[in-house]
Amino acid sequence: MADKIKDAKIVFVVGGPGSGKGTQCEKIVAKYGYTHLSSGDLLRAEVASGSERGKQLQAIMQKGELVPLDTVLDMIKDAMIAKADVSKGYLIDGYPREVKQGEEFEKKIGAPALLLYIDAKGETMVKRLMKRGETSGRADDNEETIKKRLDLYYKATEPVIAYYEKRGIVRKIDSELPVDDVFAIVEKAIDELK
Ligand SMILES: Nc1ncnc2c1ncn2[C@H]1C[C@H](O)[C@@H](COP(=O)(O)OP(=O)(O)O)O1
Ligand SMILES: [Mg+2]
């Protein structure tokens, strides 16, 4: 079953909370026809379903912690397989959150062709998240949880970037710029893939 997605282009989209991953992914989908899979959105959908698993996930996410690796990976894999016939490529947004998650992804699914590192300053991310929190309805867009998410990002996720830098597939994107200027840099990185 995983054979179907073995040859697909896989792009990891990594960056801190509020750095602009979702914003850029939306634009990539519109221009390139990629499938956007946000691990956070998949998890929040599970929470919204009201299932028992959803309730456990909500408790973890509300604390700003990482949910168990196998749970996220299974959800991503199922979503990838569901789109295998129509997808030009996959944007894996918000995953891997830690090096171990990247290793498991490659074992069970495949290797990424590119890692887009969406880079913004800590203070910029906090500002954007506080603003997003006014309308997002996300339980984790509040000051206390934002701080925890940022700490965890620096501790667990930045090593992910270093790990893939050694493989030469990281493209760092300056996400301090206005959205369209950020996208101009993103486009170059995607175009190089062809
Ligand atoms: N380059 C940019 N300039 C200004 N605001 C931006 C931006 N990119 C994203 N935003 C806004 C949109 C959202 O309200 C908020 C967080 O963006 P997001 O795409 O939801 O981030 P992420 O998915 O990385 O958490 O910041
Ligand atoms: Mg997002």
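Computed from a prediction, not measured in an experiment: that's the story for all the values here.

Conventions and cut-offs
- In this convention, every chain numbers its residues from 1, walking through the sequence in written order.
- Written order determines the labels here, with chains lettered from A and ligands numbered from 1.
- This being a predicted model, a pLDDT of at least 70 is required before a residue's local features are given, and a value of 80 or more before pairs of side-chain atoms are given or counted; all residues contribute to the totals for chains, interfaces and linings.
- Think of the side-chain values as coming from all heavy atoms in the structure, minus any hydrogens and water.
- Two strands are said to pair when DSSP picks up at least two bridges between them.
- Secondary structure elements follow DSSP: runs of H or I no shorter than four residues count as helices, runs of E no shorter than two count as strands, and numbering proceeds from the N terminus.
- For helices, the axis comes from a line fit to the C-alpha atoms of the stretch in contact; other axes are also lines fit to C-alpha atoms, and the angle between any two N-to-C directions lies between 0 and 180 degrees.
- Contact criterion: two residues are considered in contact whenever any of their non-hydrogen atoms come within 4.5 Å of each other.
- UniProt positions are given in the numbering used here, feature names are shortened, and annotations may be inferred rather than shown by experiment.
- Computed over the protein atoms alone on a 1 Å grid, cavities are sets of points where a 1.4 Å probe fits but cannot get out and pockets are open sets with protein on both sides within 12 Å along at least five of seven lines; a residue lines them when it has an atom within 4 Å of a point.
- Whether a residue is buried, partly exposed or exposed follows from its accessible area with a 1.4 Å probe, protein chains only, as a fraction of its type maximum: under 20%, in between, or over 50%, in that order.
- Two N or O atoms count as a polar contact when they lie within 3.5 Å, although within protein this holds only if one can serve as hydrogen donor and the other as acceptor, and sequence-adjacent residues are included solely when both atoms are side-chain atoms.
- A molecule or strand has a residue near it when one of that residue's heavy atoms lies within 4 Å.
- The Shrake-Rupley method, run with a 1.4 Å probe, gives the accessible areas here. Residue values count only the displayed protein chains as cover.
- By definition, a pocket or cavity contains a molecule when more than half of the molecule's atoms lie within 2 Å of the pocket's grid points.
- Amino acid classes used here: Ala, Val, Leu, Ile, Met, Phe, Trp, Tyr, Cys and Pro are nonpolar; Asp, Glu, Lys and Arg are charged; the rest, including Gly, are polar.

Caption draft 1: View of the sheet that holds strand β5 (residues 170-174). Taking strand neighbours across the sheet as the criterion, the five strands line up as β2-β3-β1-β4-β5 in an open arrangement whose pairing is parallel. If you trace the sheet from one side to the other, it starts and ends with β2 (35-38) and β5, each paired once. When strand polarity is set aside, the average angle formed by the axes of neighbouring strands in this sheet is 20°. Against the sheet, helix α3 (residues 39-48) makes contact with β2 and β3 (90-93), and its axis sits at roughly 65° relative to β2, the strand it touches most.

Caption draft 2: Inspection of the UniProt feature "binding site: AMP" (unreviewed entry) in the protein chain at higher detail. Cross-referencing UniProt, the feature "binding site: AMP" (unreviewed entry) maps to Ser39, Arg44, Glu65, Leu66, Val67, Gly94, Tyr95, Pro96, Arg97, Gln101, Arg138 and Arg149 in the present numbering. These annotated residues cover 111 residues of sequence, and their C-alpha atoms sit far apart, with the largest distance between any two at 23.7 Å. The annotated residues contributing to the lining of the largest pocket are Ser39, Arg44, Glu65, Leu66, Val67, Gly94, Tyr95, Pro96, Arg97, Gln101, Arg138 and Arg149. Note on placement: Glu65 falls in the loop between α4 (52-62) and α5 (69-82). According to the relative accessible area criterion, Glu65 is partly exposed, its value standing at 44%. Looking at the secondary structure, you find Tyr95 in the loop between β3 and α6 (99-108).

Caption draft 3: Molecular detail of the side chain of Gln101. Tracing the backbone shows Gln101 in helix α6. Judged by its relative accessible area of 2%, Gln101 falls in the buried class. A distance of 2.7 Å separates a polar side-chain atom of Gln101 from the backbone nitrogen of Arg97. Once residues within four sequence positions are removed from consideration, Gln101 is found in contact with Val67, Leu69, Tyr95 and Pro96.

Caption draft 4: Quick peek at the site of ligand 1. Neighbouring residues of ligand 1: 15 residues in total, closest Gly18, Lys21, Thr23, Arg132 and Leu177. Contact between ligand 1 and Gly22: an oxygen atom at 2.9 Å from a main-chain N or O atom of the residue. At 2.6 Å, a side-chain N or O of Thr23 approaches an oxygen atom of ligand 1. In isolation ligand 1 offers 540 Å² of accessible surface; the protein chains occlude 74% of this area. A majority-of-atoms criterion places ligand 1 in the largest pocket. Looking at the shell around ligand 1, the elements that each hand over two or more residues are α2 (21-32), α7 (122-136) and α9 (179-191). Looking at the shell around ligand 1 element by element, the count peaks at three residues for α2. Residues that form the shell around ligand 1 fall into these classes: five nonpolar, seven polar and three charged.

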